[in-house]
Each structure stands twice: as structure tokens, then as C-alpha cells.
Amino acid sequence: YIVLLLSLFFTVSAMDLLIGFRGKFFLQIVVFWFIRNLKTGKKFNLIPLFSAAAVISLLAVLIAGFREDRAVNLVGPISFVSAQGVSMGVTELAVEERHVFAKNSLRYLLRGVGSAFVPGAAVSPGDSFAIDISLYLNPAGFRAGYGTGSTYLADAYLFGGVSGVMVASLMVGMILSRLHNHSNSWAGAILMMASVGAIIY
């Protein structure tokens, strides 16, 4: 019964992969593995984790090439890791150009939290750091449908500097700790399964 439910959930999650959301899909696999080990009391063996990470990173690079309609020169974990530099670049730009984006930092924060509950809550300039940074870096690319995401570190830094990053990180840690502490009940396990992936993503 559990395998049937997880298979259905996995099939629905696969729709994210088909529209190009690699991170959310692969993260869901890791969350399933984590919850399975947590609920069955099994130890976390790192060898299967690293093996799965190598296969997932290979698939992610190939899917990115297909999604972006470009040739893939380097296939494997190194190519995957190099592509993750975009997230670091977002945080770097938030630090370097804080004076440009800080005026909207409260709106970024509120709309970002709201978008977790209301689809399309942050869809216009000034509402989302991801939208504003995409327009700032490449307006023509943004109009053509390309853009970059944001990171909680960037949003927290824009809002409160280094102190904001510390507070946001502590809050994420507290939320994850509470989820773990309540995961022994069915309601807690369902809440964990539904939210951990989104928090990590």
C-alpha cells in the first residue's frame, strides 16, 4: 500500500522533471530516501547516497542541455557542480548590489513566503528578487523566458545583512528540528514529507 502511494506521488512529481524542474524532482527522491530510513530506523549509508548523486547529476546535466536546447560539452558530476555556481552568483550579487535591491527586501520576503501558499503571489517586478535580478542582469533574456532564481541567503542578506542571514538560518534549523521531532506521528510524517523538499529547495 505504501509502495503504491509513493509510486503515485513519484509519478506526479515526475511532471516537474518533464517541464524542466530538475532540482525539485531529484530532491524528492532524496526526501523519500531520508523518510524511509527515518521511519524504518535504518542507518544512513553514504555509499548509496553518493552513487545516486552521481547518476542524478549526470541526468540533470543531460536534461539541462535538452531543456536549454544546447550541446552538452562535459557530462558528469563536475558539470553539474559548475552549473550550481549560478546560485552562488545570486548571493554574491545581493551582497555587491544591496543598495539597488534593499528597498524592496520586505516585499521580497513577504511575497516569497506567500508564494509557498498562493500560486503566482510574486509575479511582478518589485515583488520577487528572482524577477528583479533577472531583469537587472538580462532584460531581453527575461522577456524571452529565461531567468534566474533566488536564494534564502540572498533574500535574508538584503533584508538584514549578516544578522539577517544568521536569523534566517537559525529559523530554518528550528523548523527542520521541529519537523524531525514530530515525525514519529502520521501527521508529522506527512507534514515532513510535504515540506522538507520545499524547504531544502
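Scroll up for the structure.
Here we summarise the structure given alongside this text. Please read all numbers here as calculations on a predicted model, not as lab measurements.

Rules used throughout
- The numbers attached to residues start from 1 for each chain and follow its sequence in the written order.
- In keeping with the model being predicted, local features are shown solely for residues with a pLDDT of at least 70 and side-chain atom pairs are shown and tallied solely at 80 or more, while totals for entire chains, interfaces and linings include all residues.
- The side-chain quantities take in all heavy atoms of the structure and omit both hydrogens and water.
- Runs of E in the DSSP output that reach at least two residues are strands. Runs of H or I that reach at least four are helices, and both are numbered from the N terminus.
- For every residue, the accessible area (1.4 Å probe, protein chains only) is compared with the maximum for its type, and the residue is labelled buried under 20%, exposed over 50%, or partly exposed between those bounds.
- The contact definition used throughout considers only heavy atoms, calling two residues in contact when any of these lie within 4.5 Å.
- To measure how exposed things are, a 1.4 Å probe is used in the Shrake-Rupley method; for residues, cover is taken only from the protein chains shown.
- Here the expected length of a helix is defined as 1.5 Å per residue gap, with one fewer gap than residues.
- Note that bend, as reported per residue, equals the angle between axes fitted to the 7 residues terminating at that residue and the 7 residues originating from it.
- When two rings of Phe, Tyr or Trp (its six-membered ring) have centres within 6.5 Å they constitute a pair, described as stacked for plane angles under 30 degrees, edge-to-face for angles over 60, and tilted for the intermediate range.
- By definition, no residue in a patch forms a salt bridge, and every one has over 30% relative accessible area; like charges are joined within 9 Å, nonpolar side chains (Val, Leu, Ile, Met, Phe, Trp, Tyr) within 5 Å.
- Each salt bridge in this description consists of a side-chain nitrogen of Lys or Arg and a carboxyl oxygen of Asp or Glu lying within 4 Å of one another.
- In protein, a polar contact requires one atom able to donate a hydrogen and another able to accept it; more generally it is a pair of N or O atoms within 3.5 Å, and residues adjacent in sequence count only if both atoms are side-chain atoms.
- Residue types Ala, Val, Leu, Ile, Met, Phe, Trp, Tyr and Cys, when buried and joined through side-chain atoms within 4.5 Å, form a set referred to as a nonpolar core.

## Looking at the overall build of the protein
Next, step 1: The secondary structure content of the protein amounts to 11 helices and zero strands.
Next, step 2: Starting at the N terminus and walking to the C terminus, you meet the elements of the protein as α-α-α-α-α-α-α-α-α-α-α.
Next, step 3: The proportion of buried residues among the 201 residues of the protein is 30%.
Next, step 4: Put simply, of all contacts in the protein between residues at least 6 apart along the chain, 48% involve residues at least 24 apart.
Next, step 5: As presented, the protein carries roughly 13,300 Å² of accessible surface, and 70% of it is formed by carbon and sulfur atoms.

## A look at helix H10 (residues 152–181)
Side chains of residues three or four places apart in an α-helix project in the same direction, reflecting 3.6 residues per turn.
Next, step 1: In this model H10 runs just 24 Å from its N-terminal to its C-terminal C-alpha over 30 residues, more than 12% under the 44 Å that 1.5 Å per residue would give.
Next, step 2: Of all the bends in H10, the largest measures some 130° and sits at Gly160.
Next, step 3: Those residues of H10 that fall on the buried side of the exposure criterion are Ala154, Asp155, Ala156, Tyr157, Leu158, Gly161, Gly164, Val165, Ala168 and Leu179.

## Overview of the packing of aromatic side chains
Next, step 1: Counted according to the given criterion, the structure contains three aromatic pairs.
Next, step 2: Judged by centre distance (5.3 Å) and plane angle (75°), the ring pair of Phe101 and Tyr136 falls under edge-to-face. Highlighted residues: Phe101 in helix H6 (residues 98–101) and Tyr136 in helix H8 (residues 129–137), separated in sequence by 35 residues.
Next, step 3: Classification of Phe101 by relative accessible area gives buried; the value is 3%.
Next, step 4: Among the residues examined, Tyr136 registers a relative accessible area of 41% and is labelled partly exposed.
Next, step 5: Ring geometry for Tyr108 and Phe129: centres 5.7 Å apart, planes at 45°, overall tilted.

## Regarding the environment of Met193
Next, step 1: Mapped onto the elements of the fold, Met193 is located in helix H11 (residues 186–200).
Next, step 2: Along the chain, Met193 and Phe32 lie 161 residues apart, while their C-alpha atoms are 7.6 Å from each other.
Next, step 3: When near neighbours in sequence (up to four residues on either side) are disregarded, Met193 contacts Leu6, Phe9, Gln28, Val31, Phe32 and Ile35.

## Some words on a nonpolar patch on the surface
Next, step 1: A surface patch of nonpolar side chains, about 960 Å² in accessible area, is lined by Tyr1, Ile2, Leu4, Leu5, Leu6, Leu8, Trp186 and Ile190.
Next, step 2: For the nonpolar patch, the elements supplying multiple residues, two or more each, are helix H1 (2–18) and H11.
Next, step 3: The greatest single-element share of the nonpolar patch, amounting to five residues, is contributed by H1.
Next, step 4: Inspection of the secondary structure assignment puts Tyr1 in the segment before H1.

## Notes on the side chain of Ser105
Next, step 1: Within the fold, Ser105 resides in helix H7 (residues 105–115).
Next, step 2: Look at Ser105 and you get buried, because its relative accessible area is 8%.
Next, step 3: Among all residues touching Ser105, those that are not within four sequence positions of it are Leu158 and Phe159.

## Concerning the side chain of Asp127
Next, step 1: For Asp127, the location among the structural elements is in the loop between H7 and H8.
Next, step 2: Owing to a relative accessible area of 4%, Asp127 belongs among the buried residues under this scheme.
Next, step 3: Polar side-chain contacts of Asp127 include one of 2.5 Å to the side chain of Arg107.

## Things to note about the nonpolar core
Next, step 1: Ranked by size, the top nonpolar core spans nine residues in total: Val90, Leu93, Ala94, Phe101, Tyr108, Phe129, Ile133, Ala154 and Leu158.
Next, step 2: In terms of residue count, helix H5 (residues 85–96) provides more of this core than any other element does, three residues in total.
Next, step 3: Apart from residues no more than four positions distant in its own chain, Ala154 is found in contact with Val90, Thr91, Ala94 and Phe129.

## Re H11
Next, step 1: For H11, which comprises 15 residues, the first-to-last C-alpha distance of 21 Å matches the rise-based estimate of 21 Å (1.5 Å per residue) to within 8%.
Next, step 2: The largest bend in H11 comes to about 30°, at Ala194.
Next, step 3: For H11, the full list of buried residues reads Gly188, Ala189, Met192, Ser195, Val196 and Gly197.

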